[in-house]
Amino acid sequence: MALAETLIKKINRKFEPSSWVNLRFGSKDIALQTDEEGNAVKMFIGKRNEEGIIKGERYARNIIKDREGKIVKDHWDRKGWAS
């Protein structure tokens, strides 16, 4: 599944640092893991079961910064299925 622009806008904002964030996007459940700056770096998207585990797809975010800390490259890569 390719990520929609509206979803990318929703998950590329700042969240609570070093935590897990649960969201909904349409009919999909989303779990995001954030880094120490509050950027989402790992995402699971799909349907959450009774145990709270999301079955669907797994994504990782690549953020490349220059020496001054400016973001040079920022994109999401699909890493496979999550179960």
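Summary of the structure given here. (Residues numbered from 1 in each chain as written. Predicted model: local features only at pLDDT ≥ 70, side-chain atom pairs only at ≥ 80, totals over all residues. Heavy atoms only, no water.)

### Section: the packing of aromatic side chains
Two descriptors summarise a pair of aromatic rings, namely the distance from one centre to the other and the angle between the planes of the rings.
Part 1: Inspection of every chain in the model, using the stated rule, returns 1 aromatic pair.
Part 2: In this arrangement the basic side chain of R78 is found over the ring face of W81, its NZ or CZ atom lying 4.8 Å from the centre. (Phe/Tyr/Trp six-rings, centres within 6.5 Å; stacked < 30°, edge-to-face > 60°. Lys NZ or Arg CZ within 6 Å of the ring centre and 35° of its normal.)

### Thoughts on the nonpolar core
If you look at soluble globular proteins, the nonpolar side chains tend to sit buried side by side.
Part 1: If you look at the biggest cluster of nonpolar residues, it comprises 13 residues, and the most contacted ones within it are I11, L23, I30, L32, M43 and W76.
Part 2: When residues of this core are traced back to their parent elements, those giving at least two are helix 1 (5-11), strand 1 (20-25), strand 2 (28-34) and strand 3 (40-48).
Part 3: Once you skip the residues sitting within four places of it in the chain, I30 turns out to touch L7, V21, N22, L23, F25, M43, F44, I45, R48 and I54. (Core = buried A, V, L, I, M, F, W, Y, C linked by side-chain atoms within 4.5 Å. Buried < 20%, exposed > 50% of the residue type's maximum accessible area, 1.4 Å probe, protein only. Helix = DSSP H or I, 4+ residues; strand = E, 2+ residues; numbered from the N terminus. Contact = heavy atoms within 4.5 Å.)

### A few points about the side chain of D29
Part 1: Within the element layout of this structure, D29 appears in strand 2.
Part 2: There is a polar contact of 2.5 Å between the side chain of D29 and the side chain of R24.
Part 3: Within the structure, the side chain of D29 is placed 2.9 Å from the backbone nitrogen of R48, a separation counted as a polar contact.
Part 4: With near-sequence residues (within four places) excluded, D29 lies in contact with L23, R24, F44, I45, G46, K47, R48 and I54. (Polar contact = N/O pair within 3.5 Å; in protein donor to acceptor, adjacent residues only side chain to side chain.)

### Remarks on the sheet that holds strand 2
Through backbone hydrogen bonds, the strands of a sheet pair up, either in parallel or in antiparallel fashion.
Part 1: Reading across from one edge, 1-2-3-4-5 is the order of the 5 strands in this open sheet, with antiparallel pairing throughout. On the outer flanks of this sheet lie strand 1 and strand 5 (71-82), each paired with one strand and no other. Averaged over all pairs of adjacent strands, the angle between strand axes in this sheet comes to 20°, irrespective of strand direction.
Part 2: With 7 bridges joining them, strand 3 and strand 4 (residues 54-65) adopt antiparallel strand pairing. Within strand 4, the position partnered with G46 by the bridge is G56. (Pairing = 2+ DSSP bridges. Axes fitted to C-alpha atoms, helices over the stretch in contact; angles between N-to-C directions.)

### Some remarks on the environment of A2
Part 1: Locating A2 in the fold gives a position in the segment before helix 1.
Part 2: Residues A2 and D66, 64 residues apart in the sequence, show an inter-C-alpha distance of 27 Å.

These results come straight from atomic positions and should not be treated as a statement about function.
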